[in-house]
Amino acid sequence: MQIVRTVSDLRAALRDSHATAFVPTMGNLHDGHLSLMRIGKACGGPLVASIFVNRLQFAPHEDFDSYPRTFEADCDKLRSVGCDVLFAPGERELYPVEQTFRIATPHGLGDILEGEFRPGFFEGVATVVMKLFGCVQPAVAVFGQKDYQQLMVVRRMAAQFNLPIEVRAGATMREPDGLAMSSRNGYLDAAQRAEAPALARALGELAVRAATARTARELAQAERDASAALAARGWKPDYLVVRRRADLAAPEPAELGREGALVALGAARLGTTRLIDNLEF
Ligand code: PAF
């Protein structure tokens, strides 16, 4: 695996490449990331991964400084899945001047759910992903479904900007007890780690109730109950809601019983660790 730190070295490494597959990450890789790498590798062209902890997508009070940086272990994992090129730029390489051009995300997508509780998050994600796409110029880019809304933002950005990039989704990888794999799971102490699968369970229970709800009122009650149940276990929920898969809008009553159209999404804090998860149903 070639490790490149600059855009010019990346371009040189990929000079004669076609059908490049790309998996952007912030490092601290786990099996979820590696499953995305395998999807990229199976595309047949060279596989490029990036590791870059993107300051633009962290609010000042968030965990940019403490975000786990595990470069050597990440490189070993990337080699084990046959990654061809790792692009690991420093901040001054990717942001040599203040990043004053930004990707504004649409109202109703970039400012709901994660975007409501993390203002500016999707602008930061979309901006760095656009830059990384410009650096790597992949044919295929793979994103995890655990970050459901991020995947939608990236898909729509690629479509609206006519980027010649196919955005593929990788299914969420879970620990045996159901906890979605995430770099932030490493922040949990033993008791929190034991409690953490309750988020996925709460989304499962919400999905069951939503599937039998017939009115917006019944759905809203099920959402409130899901949040209250987690709060009673010591969590601080930001949201547990049911949305349409197609656009993340609240479902119409007629859509409630329709199998395959909805997704339950949740974000909640356990101690100081904020976890997110989702479940399609
Ligand atoms: O999902 C992530 O790890 C990040 O949001 C991404 C897509 C690498 C952009 O920094």
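Residues numbered from 1 in each chain as written. Predicted model: local features only at pLDDT ≥ 70, side-chain atom pairs only at ≥ 80, totals over all residues. Heavy atoms only, no water.

### A few points about the site of the ligand
Near the ligand you find Pro 24, Thr 25, Met 26, Asn 54, Gln 57, Val 125, Val 128, Phe 143 and Gln 150, and these make up its full shell. One nitrogen or oxygen atom from the side chain of Gln 57 is found 2.7 Å from an oxygen atom belonging to the ligand. At 2.7 Å from an oxygen atom of the ligand is found a side-chain nitrogen or oxygen belonging to Gln 150. Taking 290 Å² as the accessible area of the ligand by itself, protein coverage stands at 89%. Looking at the shell around the ligand, its residues break down into 5 nonpolar, 4 polar and no charged. (Near = heavy atom within 4 Å. Polar contact = N/O pair within 3.5 Å; in protein donor to acceptor, adjacent residues only side chain to side chain. Areas by Shrake-Rupley, 256 points an atom, 1.4 Å probe, with all protein chains shown as cover. Nonpolar A, V, L, I, M, F, W, Y, C, P; charged D, E, K, R; others polar.)

### Quick look at the sheet that holds strand S9 (residues 273-280)
Read from one edge to the other, the open sheet built from 3 strands follows the order S7-S8-S9, with strand pairing classed as antiparallel. Where the open sheet ends on each side, the last strands, each with one partner, are strand S7 (236-244) and S9. Adjacent strand axes in the sheet meet at a mean angle of 10° when their direction is disregarded. With 8 bridges joining them, S7 and strand S8 (residues 262-270) adopt antiparallel strand pairing. (Pairing = 2+ DSSP bridges. Helix = DSSP H or I, 4+ residues; strand = E, 2+ residues; numbered from the N terminus. Axes fitted to C-alpha atoms, helices over the stretch in contact; angles between N-to-C directions.)

### Quick word on helix H6 (residues 121-136)
Over its 16 residues, H6 extends 22 Å from the first C-alpha to the last, a length consistent with the 22 Å expected when each residue adds 1.5 Å. H6 sits mainly inside the fold: 12 of its 16 residues count as buried. Taken together, the buried positions of H6 are Phe 121, Phe 122, Gly 124, Val 125, Ala 126, Thr 127, Val 128, Val 129, Leu 132, Phe 133, Cys 135 and Val 136. After H6 finishes, the residue Gln 137 shows a positive phi value of roughly 50°. (Expected span 1.5 Å × (residues − 1). Buried < 20%, exposed > 50% of the residue type's maximum accessible area, 1.4 Å probe, protein only.)

### Description of the nonpolar core
Burial of nonpolar side chains together is a common tendency in soluble globular proteins. Counting 44 residues, the largest nonpolar core has Leu 10, Phe 87, Val 129, Phe 133, Phe 143 and Leu 248 as the members making the most contacts within it. The element contributing the most residues to this core is H6, with 10 residues. Of all hydrophobic cores here, the second largest spans 25 residues; its members include Leu 219, Ala 222, Trp 235 and Phe 281. (Core = buried A, V, L, I, M, F, W, Y, C linked by side-chain atoms within 4.5 Å.)

### Overview of unusual backbone geometry
Positive phi outside glycine occurs at Gln 137, with the angle close to 50°. Mapping Gln 137 onto the fold places it in the loop between H6 and strand S5 (140-144). Taking relative accessible area as the criterion, Gln 137 reaches 55% and is therefore assigned exposed.

### So, the pattern of salt bridges
Here the structure, examined in full by the defined rule, presents 17 salt bridges. The partner of Asp 76 in a salt bridge is Arg 79, and the shortest N-O contact between them spans 3.2 Å. Taken together, the residues span about one helical turn, with Asp 76 and Arg 79 both in helix H3 (residues 71-80) at a distance of 3 residues. The closest approach of N and O atoms between Arg 168 and Glu 166, which form a salt bridge, is 2.6 Å. Its relative accessible area of 30% is what places Arg 168 among the partly exposed residues. Since its relative accessible area comes to 39%, Glu 166 is described here as partly exposed. Because the salt bridges share partners, they merge into one network encompassing Glu 114, Asp 238, Arg 269 and Arg 274. (Salt bridge = Lys/Arg side-chain N within 4 Å of Asp/Glu carboxyl O.)

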